Amino acid sequence: MKNFLIIIAILIFQLSAFAQNYLPVSESKTTHLVCLDKVSYLQVGDPSLILAEVVPELPNLVRIKATGSFEKESSLTVVCAGRIYSLILNFQDSEEITHHLESFHSEKAGGPSSGLMPDYVLKELSEQILMKRKSLVHGVKQKKDGIKVQLKTITQKNGFLFFEVRITNKTNLAYRVESFHWWIDDKRQFKATNTQEYQIEASYRHHEIKIIPGYTTVREVFVLPNLVLPDKRVLRLEMLENALGNTGRRLTLEIENKDILKAKELISN
């Protein structure tokens, strides 16, 4: 009997939590969701039934309205402040038209224990970086046979480092990118034949650049986990060209610990 009552209590709790995620909408009133922070993702289940958008002037406010009356339910997914909210929408004329998002049941974005930002957040932050034209890092560049690669900015957010790189092709011929590689290695002046390199996989790369046409400049953002370099070590980015007979140009950037420690906090728009 005791076990039966426990099961009933759990079911009641789950149903009550699920019921909290019901949101009434109508065609005669606009419903608003007030979020704790900027909304990073918004998706309606059936766009023919529901109109939903983030208010441009207030990026923490979502307005919702039904296109007409409907009998079946629809859904709305909102990601805000690292939480995922999955709401069930039903057509109902309600007195309450303003709701606070944190009052609904949610789950942690990116999984319960990863602590990592999902790709759509990294994409949004990378686009934010590319919208700006500031150059905060000086002297980290290399030129070779008409190709120039330069580190423009280093920023950080929530355990990630964002490296903005500018690549310029000053020749008539397209530069075909074979690959980019990140390494932790000794500084060139200290390098010995028995030195071991440590390769790092980028957590995210924005444009996935494959070709740089002639007389063209492109910008790319690479995202790496936060790191601090030991003494006499550098973070090295290699860009390899796809060419016949292993004749492709190889360009290298060497980033020192002093540059990484100056990384500015990336402020969300």
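Residues numbered from 1 in each chain as written. Predicted model: local features only at pLDDT ≥ 70, side-chain atom pairs only at ≥ 80, totals over all residues. Heavy atoms only, no water.

A. Up close: the state of the cysteines. Following the criterion strictly, the structure yields 0 disulfides and no others. No disulfide involves Cys 35; its sulfur sits 4.7 Å from the nearest other cysteine sulfur, which is in Cys 80. Judged by its relative accessible area of 4%, Cys 35 is buried. When its relative accessible area of 2% is taken as the criterion, Cys 80 is described as buried. (Disulfide = S-S within 2.5 Å. Buried < 20%, exposed > 50% of the residue type's maximum accessible area, 1.4 Å probe, protein only.)

B. A look at the sheet that holds strand E8 (residues 98-100). Pairing is mixed in the open sheet, where 4 strands are placed in the order E4-E5-E2-E8. In this open sheet, the two edge strands, each paired with only one partner strand, are strand E4 (50-54) and E8. Across this sheet, the average inter-strand angle for adjacent strands is 20°, counted without regard to direction. Of the pairings in the sheet, the one linking strand E2 (residues 31-34) to strand E5 (residues 61-66) comprises 4 bridges and is antiparallel in character. Bridge pairing in E5 links Leu 33 to Val 62. (Pairing = 2+ DSSP bridges. Helix = DSSP H or I, 4+ residues; strand = E, 2+ residues; numbered from the N terminus. Axes fitted to C-alpha atoms, helices over the stretch in contact; angles between N-to-C directions.)

C. Representation of the pairing of strand E11 (residues 147-157) within the structure. Among the 11 residues that make up E11, 10 are buried, leaving the element largely enclosed by the rest of the structure. Of the pairings in the sheet, the one linking strand E10 (residues 141-144) to E11 comprises 4 bridges and is antiparallel in character. Note on E11: the bridge partner recorded for Lys 143 is Lys 148. Linking E10 to E11, which pair antiparallel, is a turn of 2 residues; within it Asp 145 sits at a positive phi near 50°.

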